[in-house]
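Structural overview for review
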Amino acid sequence: MKVVPVLVSADNYAYLLIDEPTKKAAIVDVLDVEKVRAVADKEGVIIVAGITTHHHQDHSGGNKTLISTYPSIPVYGGFDVPSKTDLVEDGGEFTVGDNIHVRCLATPCHTKDSICFYATDTSNKSQSGGVFTGDTLFLGGCGRFFEGTAEQMHASLSKLATLPDDTVVYNGHEYTTGNVAFAKTIEPDNPAIGRLFKLAQENKVTTGLSTIGDEKEWNVFMRLDKDAIKRATGADEPGAVMNKLRELKNNFRG
């Protein structure tokens, strides 16, 4: 299994999820089909599927062009995703190529139809899995609560936290620099946030450089039970802590 990020706008990621033995690939969150197809041609792979994490245009906007360009392929997505061919729900499964197993995790909040996709390579069981998190989980952050509640985001991130710690995170946007600046104001004595700061300084592209285990160490939105975060928010119950964190992040201008 190989994952290739494709920057399709200023900070928006699409991905090629490649089954290396068969040279077959799925496009995740296609916005600009031509940009991703150019990378697929460079990689020497055939597009066999589309995968969409949620209905927002910057993630699903290329689906109509995708299915007109590749009319025989499935396009997987949640109930509000436009131009999908295959509806997926929590616990659903499908295969890319012959070897990549994909499991669907419903993670409502940013949008009601948000699905994260956990991919593993059945031909190489020693390789870590990867999870495509759209706008639910970012490196050091999470998405805004456009169609859900703080409690739903807490539940969604908690679900992602049950994946193996070595699961690689592939998120929807390059927001890491801003996320780590905010995290330093919330949990300034956490050494893991210093590691994330260094990662963001040294890498223009940070997606794929974090794991679920890392996020549990440096992502304040996944650390609601920590005393420093409770103090920073003035709250104790997880939903209240999450709600205040999101409010603070929305207003953060650091």
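This section reports on the structure supplied with the text. (Residues numbered from 1 in each chain as written. Predicted model: local features only at pLDDT ≥ 70, side-chain atom pairs only at ≥ 80, totals over all residues. Heavy atoms only, no water.)

Structural notes on the packing of aromatic side chains
For clarity, the threshold we go by: Only the six-membered ring of Trp is used, alongside the rings of Phe and Tyr, when aromatic pairs are assigned; centres must lie within 6.5 Å, and planes under 30 degrees apart are stacked while those over 60 apart are edge-to-face, with the rest tilted. The way it works is that DSSP assigns letters per residue, a run of H or I at least four long becomes a helix, a run of E at least two long becomes a strand, and they are numbered from the N terminus. Categorising residues by exposure relies on relative accessible area from a 1.4 Å probe, with only protein chains included: less than 20% of the type maximum marks a residue as buried, more than 50% marks it as exposed, and the intermediate range marks it as partly exposed. Criterion for a charge above a ring: Arg CZ or Lys NZ at most 6 Å from the ring centre, at most 35 degrees from the ring normal.
Within the structure shown, the criterion is met by nine aromatic pairs. Residues Phe132 and Tyr170 carry aromatic rings whose centres are separated by 5.2 Å and whose planes lie at 20° to one another, so their mutual orientation is stacked. One end of the pair, Phe132, is in strand E10 (residues 130–134); the other, Tyr170, is in strand E13 (residues 168–171), with 38 residues separating them in the sequence. In this structure, Phe132 and Tyr170 share a single accessibility class: buried. A centroid spacing of 6.2 Å and a plane angle of 25° characterise the contact between Phe182 and Phe221, whose relative ring orientation is stacked. Of this pair, Phe182 sits in helix H5 (residues 176–186) while Phe221 is found in the loop between helix H7 (212–218) and helix H8 (227–233), placing the two residues 39 residues apart along the sequence. On the basis of relative accessible area, Phe221 is assigned to the buried category, the value being 2%. A network of ring pairs unites the aromatic residues Tyr13, Tyr15, Phe132 and Tyr170 as a single cluster. Lying across the ring of Phe197, Lys184 places its NZ or CZ 4.0 Å from the centre.

Things to note about the pattern of salt bridges
Should their charged atoms come close, side chains of opposite charge can pair. Which entries qualify depends on this criterion: Here, a salt bridge means any Lys or Arg side-chain nitrogen found within 4 Å of an Asp or Glu carboxyl oxygen.
Taken as a whole and judged by the stated rule, the model has 10 salt bridges. Lys2 is the salt-bridge partner of Glu43, the closest N and O atoms lying 2.8 Å from each other. Separated by 41 residues along the polypeptide, Glu43 in helix H1 (residues 33–43) and Lys2 in strand E1 (residues 2–7) bring together distant segments of the chain. Here Glu43 falls in the partly exposed class, since its relative accessible area comes to 23%.

What about the sheet that holds strand E7 (residues 93–96)?
Selection rule: Strand pairing requires that DSSP identify at least two bridges connecting the strands. Here the axes come from fitting lines to C-alpha atoms, over the contacting stretch only for helices, and the angles between their N-to-C directions go from 0 to 180 degrees. Pairs of residues are marked as contacts when any of their non-hydrogen atoms sit within 4.5 Å.
As summarised here, the arrangement of the five strands in space is E7-E8-E9-E10-E13, forming an open sheet in which the pairing is mixed. Of all strands in the sheet, those with a lone pairing partner are E7 and E13, marking the two edges. The mean angle between the axes of side-by-side strands here comes to 25°, regardless of whether they run parallel or antiparallel. With respect to the sheet, helix H4 (residues 150–161) is in contact with strand E8 (100–106), strand E9 (115–121) and E10, its orientation differing from that of E8 by roughly 155°.

Considering the pairing of strand E4 (residues 46–51)
The criterion, for reference: Place the viewer so that the strands point away; then a crossover is right-handed whenever the path from the first strand over the helix to the second strand goes clockwise.
When strand E3 (residues 24–28) meets E4, the two strands line up parallel, connected through five bridges. Across the sheet, Ala25 pairs through a bridge with Ile47, a residue of E4. Running through H1, the crossover from E3 to the neighbouring parallel element E4 is right-handed. Relative to strand E5 (residues 75–77), E4 runs parallel, the two being bridged by two bridges. By the bridge assignment, Gly50 is partnered in E5 with Val75.

Looking at the packing of H5 against helix H6 (residues 191–202)
Convention followed: For this classification, under 35 degrees means roughly parallel, over 145 means roughly antiparallel, 65 to 115 means roughly perpendicular, and everything else is oblique. Take the far helix as your reference; a near helix turned counterclockwise from it by less than a right angle gives a left-handed crossing, and one turned clockwise gives a right-handed crossing. Each residue is assigned to one of three groups, with Ala, Val, Leu, Ile, Met, Phe, Trp, Tyr, Cys and Pro labelled nonpolar, Asp, Glu, Lys and Arg labelled charged, and all others, Gly among them, labelled polar.
Viewed as axis vectors pointing N to C, H5 and H6 meet at an angle of 155°, and their least axial separation amounts to 9 Å. With respect to their mutual orientation, H5 and H6 come out roughly antiparallel. Read as a crossing pair, H5 and H6 show a hand that is left-handed. Residues Thr176, Thr177, Val180, Ala183 and Lys184 of H5 form the contact with H6, whose participating residues are Ile193, Leu196, Phe197 and Ala200. Looking at the contact of H5 with H6, its residues break down into six nonpolar, two polar and one charged.

Details of H1
Note that an α-helix has 3.6 residues per turn; residues three or four places apart therefore point the same way. In plain terms, the rule: Throughout, the arc means the angular range of directions from the helix axis out to the C-beta atoms. Pairs of N or O atoms are called polar contacts if they sit within 3.5 Å, as long as, within protein, a hydrogen donor faces a hydrogen acceptor (for residues adjacent in sequence, only side-chain-to-side-chain pairs).
What H1 keeps buried is the set Val33, Val36 and Ala40. Looking straight down H1, one finds its buried side chains confined to an arc of 75°; they lie on one side. Projecting away from the buried face of H1 at angles above 90 degrees are the exposed residues Asp41 and Lys42. Residues of H1 that are buried sit in contact with E1, strand E2 (13–19), E3, E4 and helix H3 (63–69). With a side-chain oxygen positioned 3.2 Å from the backbone nitrogen of Glu34, the residue opening H1 is Asp32. Looking one or two residues beyond H1, the residue adopting positive phi is Gly44, at roughly 70°.

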